Amino acid sequence: MKLKRSFYIQDTIVVAKGLLGCFLVHRTLEGITKGKIVEIEAYMGPNDKGAHSYGGRHAPRMDPLYNTGGYAYIFQLHGHNYCFNVVTQKTGIPQAVLIRGLEPIQGLDLMAKRRNIDISTGLRSKFKNLTNGPSKLCQAMDIDTSLNGIDLCGDELFITSGKTFNDDEILSAPRVNIDYAEEYKDKQWRFFLKKNEFVSKYPKI
């Protein structure tokens, strides 16, 4: 069942944990790709030094971030690398959840073609490399800034419900590559499924 708007406008940490085990689906002319969400990061708005909206920053490309929950905020890193975020909270509260890792479920050959990875060898490492990172999953799922602001309650790019996990099945850790965020770099706002091989960066515990 497709997630409803009411899910997305909850507290961002609640949404973040609730997304684990759900399925991200993208319908394109090439076909359908689908992956189970196994790793996310929460970004908590103007007070969060790791967030794009820190200090109330609001560039035009960030308009979706200030929309109501359930829209996509997609930004470009460098080259053809993108990050896909799920906007949370009510209108005017610029918080979001970054999708960091997916477990491929449907459209594996299409994902492999887009990622230029030969999965016919059966090597598990190549299979894992399809979607175990934010830019990797965007490439595999054909997600770029042309979809920035798309309604995730629509029929093109959306999220469906999945298994619900208990807190003891979910691990937390600091977010990745935000050393500039000073004290906020240590916030335990990255959540991921325990023992899932598609987590992008598994901490030593």
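What this report covers is the structure whose coordinates are included nearby.

The rules behind these values
- Residue indices follow the written sequence of each chain, beginning from 1 at its first position.
- Reporting in this predicted model follows two pLDDT cut-offs: at least 70 for local features of residues, and 80 or more for side-chain atom pairs to be given and counted; totals over whole chains, interfaces and linings ignore these cut-offs and use all residues.
- Side-chain figures throughout are based on the complete set of non-hydrogen atoms in the structure, without hydrogens or water.
- Helix and strand assignments follow DSSP, with helices taken as H or I runs no shorter than four residues and strands as E runs no shorter than two, numbered in order from the N terminus.
- Between the two quantities, the radius of gyration covers C-alpha atoms and the globule rule is 2.2 Å times the number of residues to the power 0.38.
- Relative accessibility thresholds used throughout: buried, under 20% of the residue-type maximum; exposed, over 50%; partly exposed, between the two (1.4 Å probe, protein chains only).
- Contacts between residues were defined by any pair of non-hydrogen atoms, one from each residue, lying within 4.5 Å.
- Residue burial considers only the protein chains on display, and all accessible areas are found by Shrake-Rupley using a 1.4 Å probe.
- To get an axis, a line is fitted to the C-alpha atoms, and for a helix only the part in contact is used. The angle between two axes follows their N-to-C directions and goes from 0 to 180 degrees.
- Should an angle fall under 35 degrees it is called roughly parallel, over 145 degrees roughly antiparallel, and 65 to 115 degrees roughly perpendicular, with every other angle called oblique.
- Crossing handedness is read from the near helix: turned anticlockwise from the far helix by less than a right angle, it gives a left-handed crossing, and turned clockwise, a right-handed one.
- Here the nonpolar group is Ala, Val, Leu, Ile, Met, Phe, Trp, Tyr, Cys and Pro; Asp, Glu, Lys and Arg are the charged ones; every other residue, Gly included, is treated as polar.
- Under the pairing criterion, centres of Phe, Tyr and Trp rings, with the six-membered ring standing for Trp, must be within 6.5 Å; the plane angle then separates stacked pairs below 30 degrees from edge-to-face pairs above 60, leaving the rest tilted.
- Only lysine NZ and arginine CZ atoms are considered, and such an atom sits over a ring when it is within 6 Å of the ring centre and within 35 degrees of the ring normal.
- What we call a nonpolar core is a set of buried Ala, Val, Leu, Ile, Met, Phe, Trp, Tyr and Cys residues that are connected through their side-chain atoms within 4.5 Å.

Considerations on the overall build of the protein chain
- Within the protein chain one finds 5 helices and 8 strands.
- Listing the helices and strands of the protein chain from first to last along the sequence gives α-α-β-β-β-β-β-α-α-α-β-β-β.
- Relative to the compact-globule value of 17 Å for 205 residues, the protein chain shows a C-alpha radius of gyration of 16 Å, a close match.
- Taking the principal axes of the C-alpha coordinates as reference, the protein chain spans close to 50 × 40 × 35 Å.
- The 205 residues of the protein chain split such that 50% are buried.
- Sequence-distant contacts in the protein chain: of pairs separated by 6 or more residues, those separated by 24 or more amount to 62%.
- Within the structure as shown, the protein chain displays about 9,800 Å² of accessible surface, and the carbon and sulfur contribution to it stands at 49%.

Things to note about the packing of helix α3 (residues 108-115) against helix α5 (residues 134-141)
- Relative to each other, α3 and α5 sit at 115°, their axes nearing to 7 Å. Viewed along their axes, α3 and α5 adopt a mutual orientation that is roughly perpendicular. Note that α3 runs across α5; the crossing there is right-handed. Contact with α3, carried on its side by M111, R114 and R115, involves K136, Q139, A140 and M141 of α5 and no other residues of that element.
- For the contact of α3 with α5, the residue count by class is 3 nonpolar, 1 polar and 3 charged.

Some words on the packing of aromatic side chains
- Here the structure, examined in full by the defined rule, presents 4 aromatic pairs.
- Judged by centre distance (5.4 Å) and plane angle (80°), the ring pair of F7 and Y8 falls under edge-to-face. You'll find F7 and Y8 in the same group, each marked buried.
- Ring geometry for F127 versus F198: centroids 5.5 Å apart, planes at 85°, classification edge-to-face. Residue F127 is located in helix α4 (residues 124-128), and its partner F198 is located in the segment after β8 (190-193); the two are separated by 71 residues in the primary sequence. Comparing F127 with F198, the two get one shared label, buried.
- For the cation-ring pair, R175 lies above Y43, with the distance from its terminal atom to the ring centre recorded as 4.6 Å.
- For K187, the ring lying beneath its charged end belongs to Y184, and the centroid distance is 5.2 Å.

Section: α3
- L110, M111, A112, R114 and R115 are the residues of α3 that are buried.
- If you follow the buried residues of α3, they end up packed against β1 (23-28), β2 (31-43), β5 (95-106) and α5.
- Count one or two residues on from α3 and you reach N116, which has phi positive near 55°.

Considering the nonpolar core
- Of all hydrophobic cores here, the largest spans 58 residues; its most connected members are L19, L24, I37, F84, I99, I143 and I159.
- Contact partners of L24, with chain neighbours within four places excluded, come to T33, K34, G35, I37, F84, L102, M141, I143, L157, F158 and I159.

Re unusual backbone geometry
- The residue D142 is not glycine, and still its phi comes out positive at about 60°.
- Mapped onto the elements of the fold, D142 is located in the loop between α5 and β6 (157-160).
- The residue K195 is not glycine, and still its phi comes out positive at about 65°.
- K195 gets classed as exposed once you look at its relative accessible area, which sits at 74%.

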